[in-house]
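A structural walkthrough
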Amino acid sequence: MNESIRQLKELVEASDNIVFFGGAGVSTESGIPDFRSVDGLYNQKYAYPPERILSHSFFERNPEEYYRFHHDKLRLTGAKPNAAHLKLAEWERQGKLKAVITQNIDGLHQAAGSRNVIELHGTLLRSYCARCRKEYPYEIINDGTGVPRCGCGGVIRPDIVFYEEALNEDDLAAAVHYIREADMLIIGGTSLVVYPAAGLINYYRGDKLVLVNKGETSQDSYANLVIREKIGEVFSQL
Ligand code: CNA
């Protein structure tokens, strides 16, 4: 175990009010590509940039093109939680961790056993009609092809937050609350460029801000401890 991981281990052992804030990098070791790594979705070629395809106006105007992308890249295909998801769930069971705040939409924190998960960008595990709001099991999108339609004629959509859409206010308020009250904030697997989610970390008031990210982020200089390694590999040593 290297020195910075040993420091992280000591901080975790001494805390009983940890909050974790994470992003797509938490799930790459489960086989789900992120957006901004070299092999991430933003570096693959599509007719439109992914930010555009994943926007509210694009979904409304081009549901066929949206669903081509969705079935190709967002379909859930049985990924399993990795050591990072599992360790966070274990800390929650031990009463050490109060909340996981995630930008991910893959449901892997809950699959690992975490209960208090704030999904800032929604989840692929729920879907509903964009016109009449009737709810549908997620398989109607995940196991289907083409554009899924409701009995009312509306297009069924995943319960994720598209670009141009607002985050759920209750989720945002809860995230602010947990971060503000946290003794230790661990940020992992996020490039910290998607707002307003990335701005939430400014609510942290403590002196145990730990960043675990493969690449550099704009917030590295504010952290008390920076570990530039794979989060699953790091957490498997804690
Ligand atoms: P991002 O912008 O793709 O950044 C990911 C960050 O994680 C990068 O800085 C990488 O260097 C880093 N990273 C990648 N793998 C690892 C690893 N194993 N260990 C540590 N760090 C790693 O993703 P963000 O989450 O910051 O951006 C927010 C978007 C991405 C949200 O809206 C998500 O919904 C969206 N997204 C989610 C998923 C998912 O649910 N699994 C997948 C892809 C994109």
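Residues numbered from 1 in each chain as written. Predicted model: local features only at pLDDT ≥ 70, side-chain atom pairs only at ≥ 80, totals over all residues. Heavy atoms only, no water.

**Brief notes about the site of the ligand**
What surrounds the ligand is a group of 28 residues, the closest being Phe35, Arg36, His121, Thr190 and Ser191. The separation between a nitrogen atom of the ligand and a polar side-chain atom of Thr28 is 2.8 Å. Within the backbone of Lys214, one N or O atom sits 3.0 Å away from a nitrogen atom of the ligand. Notes on the ligand: free accessible area 850 Å², of which the protein chains cover 94%. Here the shell around the ligand is composed, by residue class, of eight nonpolar, 13 polar and seven charged. (Near = heavy atom within 4 Å. Polar contact = N/O pair within 3.5 Å; in protein donor to acceptor, adjacent residues only side chain to side chain. Areas by Shrake-Rupley, 256 points an atom, 1.4 Å probe, with all protein chains shown as cover. Nonpolar A, V, L, I, M, F, W, Y, C, P; charged D, E, K, R; others polar.)

**Here we look at the nonpolar core**
Counting residues in each nonpolar core, the largest one holds 22 residues, and the members touching the most others are Leu8, Phe20, Trp91, Ile186, Val212 and Phe235. Elements with a contribution of two residues or more to this core: helix 1 (3–14), strand 1 (18–22), helix 5 (83–93), strand 2 (97–102), strand 7 (184–188), strand 8 (209–212), strand 9 (225–227) and helix 9 (231–235). Counting residues in each nonpolar core, the second largest holds 21 residues, with Phe21, Ile118, Val176 and Ala223 among its members. (Core = buried A, V, L, I, M, F, W, Y, C linked by side-chain atoms within 4.5 Å. Buried < 20%, exposed > 50% of the residue type's maximum accessible area, 1.4 Å probe, protein only. Helix = DSSP H or I, 4+ residues; strand = E, 2+ residues; numbered from the N terminus.)

**Observations regarding the pairing of strand 7**
The element strand 7 is largely enclosed, with a buried count of five among its five residues. Because side chains alternate across strand 7, one face comprises the buried residues Met184, Ile186 and Gly188, and the other comprises Leu185 and Ile187, equally buried. The sheet contact formed by strand 1 and strand 7 spans five bridges and is parallel. For Phe21, the partnering residue across the bridge sits in strand 7 and is Ile187. Note that strand 7 and strand 8 share four bridges and pair parallel. When the sheet's bridge partners are listed, Leu185 is paired in strand 8 with Leu209. (Pairing = 2+ DSSP bridges.)

**Details of the pattern of salt bridges**
Under the counting rule described, the total for this entry stands at ten salt bridges. The salt bridge involving Asp183 is made with Lys208; its shortest N-O contact spans 2.8 Å. Within this pair, whereas Asp183 is found in the loop between helix 8 (169–181) and strand 7, its partner Lys208 is found in the loop between strand 7 and strand 8, the two being separated by 25 residues in sequence. The network of salt bridges with shared partners includes Glu3, Arg6 and Glu10. (Salt bridge = Lys/Arg side-chain N within 4 Å of Asp/Glu carboxyl O.)

**A short note on the environment of Ala84**
Within the secondary structure, Ala84 sits in helix 5. What makes Ala84 buried here is its relative accessible area of 0%. In the structure, Ala84 is positioned 153 residues away from Gln237 in sequence and 10.0 Å away in space, judged by C-alpha atoms. In this structure, Ala84 is in contact with Val26, Ile231, Gly232 and Phe235, ignoring residues within four places of it in sequence. (Contact = heavy atoms within 4.5 Å.)

**Digging into helix 8**
Side chains three or four residues apart in an α-helix point the same way, a direct result of the helix having 3.6 residues per turn. Helix length check: helix 8, at 13 residues, gives a terminal C-alpha distance of 18 Å against a target of 18 Å (1.5 Å per residue), a fit within 8%. Residues of helix 8 that are buried include every one of Ala175, Val176 and Ile179, and no others. Buried residues along helix 8 cover an arc of 100 degrees about the axis, so they all sit on one side. Residues of helix 8 that are buried in the fold lie against strand 1, strand 2, strand 3 (117–119) and strand 7. For helix 8, the N-terminal cap is Asn168; the gap from its side-chain oxygen to the backbone nitrogen of Asp170 is 2.8 Å. (Expected span 1.5 Å × (residues − 1). Arc of directions from axis to C-beta.)

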